[in-house]
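# Chains, contacts and geometry: an overview
Next come the chains, spelled out residue by residue.
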Amino acid sequence: SFHWLYLLYDVNPPEGFNLRRDVYIRMASLVKTLTKDGDDWVLVLPPWGRLYHWQSPDIYQLRIPWGEFFSLTSLQVNVPVIEYEEFIAENGGPFIDQVLVLQNYAEGWTDGKWEEKVDKRPCIEKLIYSKDKQGFYRGWFWGYEETRARNVTCISAQGHASIMAPVLQKNITVTSVMLDRAETLLHDHYAGKDYWDTRRSMVFAKHLRLIGDNFRATHLNSTDISDSTVYSEDWTRMKAKLGSAKGGPYLGVHLRRKDFIWGHREDVPSLKGAVKKIRSLMKKHKLDKVFLATDADGGELKELKRLLPEMLRFDPSIEDLELLKDGGVAIIDQWICAHARFFIGTSVSTFSFRIHEEREILGFDPKTTYNRFCGDSEKECEQPTHWKIVY
Ligand SMILES: C[C@@H]1O[C@H](OP(=O)(O)OP(=O)(O)OC[C@H]2O[C@@H](n3cnc4c(=O)[nH]c(N)nc43)[C@H](O)[C@@H]2O)[C@@H](O)[C@H](O)[C@@H]1O
């Protein structure tokens, strides 16, 4: 009889929102490889929640479906996807047939030579999965207490996402397979056409875009018509020419703090250093408004307001935060930064990288996008790479 094969996945718990968005691209690519061979695989979207960075107190942030942050219909144009609760309903219950826990090779690269390979191996780390009285495995399934796995196996994998295709196809006697620690797999082809197709299909949920657009219009004198950033909800038609977007009359800034400063990394500026750079960019590009996206804590925010009193931030009320959640606020911050005439981000932050991509999709001149702060005493401050869209 006709039925879907379900591919589920999860990512190492400490990883943040924007790295997880990157892992989605790798999994979508794997599903494309699997379906090329004629099998009916569908990707089950791992619910959002319990993210280390989502620290807003007293708001419920668990079992969040993808539809709250992304346009599901847009994702589905690229690759077949369903929400986790839909999987439970279709699958006849909260059972996952097989969990494959991905890990590296205990011995590392043999002979210092890197080759792609996959093998069933003993588990290197202690598993978070344990057998219950009925012989099912309990573990972390996005806060769904009733979900259980029938089988858990460790797999050493070294290579791009699609090296898992033959393994999954051999497993075809089961209906649902979950790849845990999916970030172990690399991109099939980073920044290639397929990467960009999937990335373009990750259209933000409409209500979040509208809130961002409203903020731009109200506080930043920025509208799509005047800024040449007209957006098409249908991503397959969104093919803006490089350099065609003008952007709103403000400087967009992503200033990553928290764990990025605790390590005293030399590529992250002091607040003073950052504000100095912001001021010089505003002058250079003749912009009198600055929009700041940051995860700075209370003390640092106070200091920022003192050093840069004119800065504008998206600062939702508690009621709005309850609706949008930390993930929604992060998206609105990214959306506003993506529409600025000039953008500067933070070194190696995937939050900043996702803004680069959004601006690339909107058609900004790369000179206005691939910029980052330098540490106060950083010697060689290499700027981010321009990854050109491939259509
Ligand atoms: C060192 C690594 O850094 C990686 O972070 P990095 O790439 O910046 O980016 P993310 O993976 O998104 O993690 C950072 C999280 O912090 C919050 N955040 C950071 N900057 C902002 C901002 O400007 N506005 C808002 N609203 N929220 C912000 C947000 O929840 C975001 O998802 C982590 O994913 C890894 O777990 C690891 O910690």
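The rules behind the values
- Residues numbered from 1 in each chain as written.
- Predicted model: local features only at pLDDT ≥ 70, side-chain atom pairs only at ≥ 80, totals over all residues.
- Heavy atoms only, no water.
- UniProt positions renumbered as here; feature names shortened; annotations may be inferred.
- Salt bridge = Lys/Arg side-chain N within 4 Å of Asp/Glu carboxyl O.
- Buried < 20%, exposed > 50% of the residue type's maximum accessible area, 1.4 Å probe, protein only.
- Helix = DSSP H or I, 4+ residues; strand = E, 2+ residues; numbered from the N terminus.

Looking at an unreviewed UniProt entry, one finds the protein named GDP-fucose protein O-fucosyltransferase 2, with Takifugu rubripes as its source organism. Heading Pathway (unreviewed entry) of the UniProt record for the protein holds this comment: "Protein modification; protein glycosylation." Taken verbatim from the UniProt record of the protein, the Sequence similarities (unreviewed entry) comment is "Belongs to the glycosyltransferase 68 family."

Here we come to the pattern of salt bridges. The final tally for this structure, using the stated rule, is 29 salt bridges. Glu183 is paired through a salt bridge with Arg181; the nearest N and O atoms lie 2.8 Å apart. Given a relative accessible area of 21%, Arg181 falls into the partly exposed group. Among the salt bridges present, the one from Lys193 reaches Asp197, with a minimum N-O distance of 2.8 Å. Taken as a pair, Lys193 and Asp197 lie in helix α5 (residues 193–201) at a separation of four residues, close to a single helical turn. Judged by relative accessible area, which is 41%, Lys193 ranks as partly exposed. Salt bridges linked by common partners bring Asp22, Arg26, Arg199, Arg354, Glu357 and Glu358 together as one network.

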